[in-house]
Amino acid sequence: MTLAAFYGIFIPFLGTSLGSACVLFMKNSMSDTLKRILTGFAAGVMVAASVWSLLIPSLEQAESMGTWSFVPAAVGFWLGILFLLLLDHVIPHLHIGSEETEGPKSKLQKTTMLLLAVTLHNIPEGMAVGVVFAGYISGNASISAMGALTLAIGIAIQNFPEGAIISMPLRAEGVGKGRAFAGGVLSGIVEPVAAFLTILAAGVVVPVLPYLLSFAAGAMIYVVVEELIPEMSEGNHSNIGTIFFAVGFCIMMILDVALG
């Protein structure tokens with residue numbers, strides 16, 4: 001692993017940590033409007049990253065397959081969807097704003113299951129960063145160092161609101177500010193771990209890189225459709241979430257096209 005890749009996989013974790021630090025300076029609760037804004041923004045960034053940084057490079061790398069070049073993108077995408085669906089069913093977790101536990105029955109504390117829910121979000125994001133840096137390390141012409149760095153920065157930008165979205169509700173549940181901050185930070189530690197493991201996997205079997213790119217895209221899209229879009233659309237005046245979805249999508253698209 002190059003030094004650039006090593007530092008790059010920690011950039012999204014930095015975004016989560018900075019977002020979690022909001023609990024140290026803000027009120028104990030977050031308004032529904034702000035929550036919709038942050039969730040919509042994060043969803044928009046994830047969708048744009050899935051398309052420009054993952055699916056399009058996957059298709060480009062399979063161009064030699066001719067009319068069948070869609071196969072790695074389609075297969076990997078569905079494997080990513082199914083992987084997150086599996087995690088959703090085997091890991092007990094609780095989404096913010098919900099009282100109904102998902103996954104197997106568990107006696108875990110509510111705060112623990114909230115952390116597990118956000119950790120599930122972060123796995124595909126870490127994989128996405130890892131697979132793009134793996135492409136750069138392997139010398140793949142369609143993935144530049146700047147392109148990999150752009151994705152890492154984009155994920156970090158959307159991780160900032162995610163860090164706040166987990167630490168603030170923990171504080172509202174009665175957890176101390178220090179523990180709420182630590183909880184938000186710990187929810188993001190899975191990202192560099194997932195990125196590192198993905199780089200190792202891609203380094204062993206470079207030909208599967210197009211599948212890994214689309215796998216990460218599928219996993220991220222699953223999180224957006226299953227969790228983020230419903231959260232940003234709850235209640236009245238949900239159009240604010242839609243607007244900031246568009247803002248996040250546009251910012252990530254600009255970053256990827258201009259810098260990637």
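Refer to the structure presented above.
The notes below deal with the structure included here. Model, not experiment: these values are computed from the prediction.

A few words on the overall build of the protein chain. Broken down by element type, the protein chain carries 10 helices and 0 strands. In the protein chain, the order of α-helices and β-strands from amino to carboxyl end is α-α-α-α-α-α-α-α-α-α. Here the protein chain holds 260 residues, and 51% of them are scored as buried. Taking the intrachain contacts of the protein chain between residues at least 6 apart in sequence as the baseline, contacts between residues at least 24 apart amount to 80%. Carbon and sulfur atoms make up 70% of the accessible area of the protein chain, which amounts to about 11,500 Å² in all.

Ranked by internal contacts, the top residues of the largest apolar core, which has 49 residues, are L54, V131, V132, F133, L151 and M220. Contributing elements (two or more residues each) for this core: helix 3 (32-61), helix 4 (70-90), helix 5 (110-137), helix 6 (145-172), helix 8 (190-204), helix 9 (209-232) and helix 10 (239-259). In terms of residue count, the dominant contributor to this core is helix 9 (14 residues). Non-local contacts of V132, meaning those with residues more than four positions away in its chain, are made with S53, L54, I143, G147, A148, L151 and L213.

In this structure the tally under the stated criterion is 6 aromatic pairs. Their ring planes at 45° and their centres at 5.4 Å tell us that F83 and F215 sit as a pair that is tilted. A residue pair is termed long-range when its members are at least 10 positions apart, and F83 in helix 4 and F215 in helix 9 qualify at 132 residues. A relative accessible area of 28% places F83 in the partly exposed class. You can call F215 buried: its relative accessible area is 15%. Pairwise contacts between aromatic rings join F6, Y7 and F10 into one cluster.

Turning our eyes to something else, we now look at the side chain of T150. Its location among the elements puts T150 in helix 6. At 2.7 Å, the side chain of T150 forms a polar contact with the backbone oxygen of M146.

It is worth spelling out the packing of helix 6 against helix 7 (residues 177-188) at this point. Across the interface, helix 6 lies against helix 7 with an axial gap of 8 Å and an inter-helix angle of 145°. Of the two elements, helix 6 crosses helix 7, and the hand of that crossing is right-handed. The residues of helix 7 that touch helix 6, namely those facing I166, S167, L170 and R171, are K177, A180, G183, G184 and S187. Class assignment for the residues of the contact of helix 6 with helix 7 results in 3 nonpolar, 4 polar and 2 charged.

Together, L186, I189, V193, F196, L197 and L200 give the surface a local cluster of nonpolar side chains, amounting to about 540 Å² of exposed area. Of the residues forming the nonpolar patch, the biggest block, 4 residues, is contributed by helix 8. Assignment of secondary structure puts L197 in helix 8.

Criteria and thresholds
- Residues numbered from 1 in each chain as written.
- Predicted model: local features only at pLDDT ≥ 70, side-chain atom pairs only at ≥ 80, totals over all residues.
- Heavy atoms only, no water.
- Helix = DSSP H or I, 4+ residues; strand = E, 2+ residues; numbered from the N terminus.
- Buried < 20%, exposed > 50% of the residue type's maximum accessible area, 1.4 Å probe, protein only.
- Contact = heavy atoms within 4.5 Å.
- Areas by Shrake-Rupley, 256 points an atom, 1.4 Å probe, with all protein chains shown as cover.
- Core = buried A, V, L, I, M, F, W, Y, C linked by side-chain atoms within 4.5 Å.
- Phe/Tyr/Trp six-rings, centres within 6.5 Å; stacked < 30°, edge-to-face > 60°.
- Polar contact = N/O pair within 3.5 Å; in protein donor to acceptor, adjacent residues only side chain to side chain.
- Axes fitted to C-alpha atoms, helices over the stretch in contact; angles between N-to-C directions.
- Left-handed = near helix turned anticlockwise from the far one by under 90°.
- Nonpolar A, V, L, I, M, F, W, Y, C, P; charged D, E, K, R; others polar.
- Patch = residues over 30% accessible without salt bridge, like charges linked within 9 Å, V, L, I, M, F, W, Y side chains within 5 Å.
- Salt bridge = Lys/Arg side-chain N within 4 Å of Asp/Glu carboxyl O.

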